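Notes for the structure review
If you want the building blocks of each chain, they are given just below.
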Amino acid sequence: MDLGLQGKVIIVTGGAKGIGGAISKLIAAEGGIVVIAGRSQADNEKAVSEIEATGGKALAITAELGNVEDCKKVITATVEKYGKIDGLVNNAGANDGVGLESGNPEKFMQSLQHNLSHYYNLAHYALPHLKATKGNIVNIGSKVATTGQGNTSGYAASKGAINALTREWAVELLPYSVRVNTVIPAEVWTPLYETWINTLPNPQEKLASITSKIPFEKRMTTSEEIANTTVFLLSSRSSHTTGQILFVDGGYTHLDRSIS
Ligand code: NAP
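Read on for an overview of the structure.

Each value, and the rule that gives it
- Residues numbered from 1 in each chain as written.
- Predicted model: local features only at pLDDT ≥ 70, side-chain atom pairs only at ≥ 80, totals over all residues.
- Heavy atoms only, no water.
- Axes fitted to C-alpha atoms, helices over the stretch in contact; angles between N-to-C directions.
- Helix = DSSP H or I, 4+ residues; strand = E, 2+ residues; numbered from the N terminus.
- Parallel < 35°, antiparallel > 145°, perpendicular 65-115°, else oblique.
- Left-handed = near helix turned anticlockwise from the far one by under 90°.
- Contact = heavy atoms within 4.5 Å.
- Nonpolar A, V, L, I, M, F, W, Y, C, P; charged D, E, K, R; others polar.
- Near = heavy atom within 4 Å.
- Polar contact = N/O pair within 3.5 Å; in protein donor to acceptor, adjacent residues only side chain to side chain.
- Areas by Shrake-Rupley, 256 points an atom, 1.4 Å probe, with all protein chains shown as cover.
- Pairing = 2+ DSSP bridges.
- Expected span 1.5 Å × (residues − 1).
- Buried < 20%, exposed > 50% of the residue type's maximum accessible area, 1.4 Å probe, protein only.
- Arc of directions from axis to C-beta.
- Salt bridge = Lys/Arg side-chain N within 4 Å of Asp/Glu carboxyl O.
- Phe/Tyr/Trp six-rings, centres within 6.5 Å; stacked < 30°, edge-to-face > 60°.

Running from N to C, helix H1 (residues 18-29) and helix H9 (residues 223-234) point in directions that differ by 50°, and their axes come no closer than 8 Å. By the angle between their directions, the pair H1 and H9 is classed as oblique. Where H1 crosses over H9, the two elements pack in a sense that is right-handed. Along its contact with H1, which presents Gly18, Ile19, Ala22, Ile23, Leu26 and Ile27, the element H9 presents Ser223, Glu224, Ile226, Ala227, Asn228, Thr230, Val231 and Leu234. Looking at the contact of H1 with H9 residue by residue, the class counts come to nine nonpolar, four polar and one charged.

Let us look at the site of the ligand. In the region of the ligand, 27 residues are neighbours, and Arg39, Asn91, Tyr155, Val188 and Thr190 sit closest. Take glutamate 64: an N or O atom from its side chain is 3.1 Å from a nitrogen atom of the ligand. Lysine 159 has a polar side-chain atom sitting 2.8 Å from an oxygen atom of the ligand. Protein contacts shield 91% of the accessible area of the ligand, which totals 890 Å² for the unbound molecule. Within the residue set of the shell around the ligand, elements represented by two or more residues are H1, helix H4 (105-133), helix H6 (153-172) and helix H7 (191-197). Here the shell around the ligand takes three residues from H7, the largest share from any one element.

Moving on: the sheet that holds strand S4 (residues 87-90). Taken together, the seven strands give an open sheet; going across it, the order is S3-S2-S1-S4-S5-S6-S7, and neighbouring strands pair in parallel fashion. Each edge of the open sheet is held by one strand with a lone partner, namely strand S3 (57-62) and strand S7 (245-247). Averaged over all adjacent pairs, the angle separating strand axes in this sheet is 20°, with direction ignored. Sheet topology places strand S6 (residues 179-184) next to S7; three bridges connect them, and they run parallel.

The subject of this paragraph is helix H3 (residues 68-82). Under the 1.5 Å per step criterion, the end-to-end length of H3 is 22 Å for 15 residues, consistent within 8% with the ideal 21 Å. Taken together, the buried positions of H3 are Asp70, Cys71, Val74, Ile75 and Thr78. Buried residues in H3, looked at end-on, bunch into an arc of 145°, giving them a common side. Across from the buried face of H3, at angles greater than 90 degrees, the exposed residues are Glu69 and Glu80. Tucked into the core, H3 has its buried residues touching strand S1 (9-13), strand S2 (33-38), S3 and H4.

Throughout the structure, instances matching the rule amount to nine salt bridges. Residue arginine 39 pairs with glutamate 64 through a salt bridge whose shortest N-O separation is 2.8 Å. Residue arginine 39 is found in the loop between S2 and helix H2 (41-53), and its partner glutamate 64 is found in the loop between S3 and H3; the two are separated by 25 residues along the sequence. With a shortest N-O distance of 2.8 Å, arginine 219 and glutamate 217 are connected by a salt bridge. Counted as one network, the salt bridges with shared partners bring together Lys25, Lys46 and Glu50.

So, on to the packing of aromatic side chains. Scanning the model with the defined rule gives two aromatic pairs in all. Aromatic side chains tryptophan 189 and tyrosine 193 sit 5.8 Å apart centroid to centroid with 55° between the ring planes, which places their arrangement in the tilted category. With a centroid separation of 5.3 Å and 70° between ring planes, the pair formed by tyrosine 193 and tryptophan 196 is classed as edge-to-face. On the criterion of helical spacing, the pair formed by tyrosine 193 and tryptophan 196 is a turn pair, its members being three residues apart in helix H7. With relative accessibility at 28%, the residue tryptophan 196 sits in the partly exposed group.

Written out as structure tokens, the structure reads:
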């Protein structure tokens, strides 16, 4: 199936590794031009080199997305280089463990800054360009918005807000034919996930216990599986899909986990 992404300019936040890395690679493999925006210049440049080595096109932009000015820079640098924006993948974020008991008001606001504000800021600054191309936005959320997890108020609030904004933006942008959708992962093996599991007392035991509860095939979702759905949503093959929250999680969030 030709996804029609040839020459499309798509920004992927946190696009150097993990889920964002898989999305970046797939966009490039489909002929799109991927703009990788993330805080580590070295990681971004490594990802761009890997894409270019396979004949793809990519640009690295160093940005700490918690800063509004950096969000603005991502948009202006992309437009300066390519003259347009066809898609925005809001993906960067981290489950930072700011709980009701363990956190405090300052840490809570910081968590929103790092997990939520840049989704809005980038969409805001990209909007004139998305209107011009009838482009679209795909957000990466989390099952935590639906299930809770405990000890992660900032992250849960951010991901809950992202689900709400998906519907809100889809409505606001109807007049411009700009679509907005969200993909929800649950358990995906990425550098972030590995770091998190290694903070627990018995990481291997915990991992086995988690995977045993994933209904479909008792395995983690791969980053590539998240990327496949994300890139499909970015493409004109999903031209009448907007305001949707899609769970790519092997049934983890909604199916009865007591059935083995
Ligand atoms: P990852 O492996 O840590 O990759 C995320 C990338 O984004 C990293 O390059 C990270 O840079 C960058 N980044 C994060 N916050 C940033 C910020 N404020 N400014 C600039 N760069 C930033 O994470 P992942 O597991 O692929 O997660 C990607 C998305 O999926 C996140 O939104 C996460 O909430 C969501 N998600 C993941 C899972 C899972 O099981 N992995 C489950 C549910 C939802 P550094 O490495 O320098 O921090």
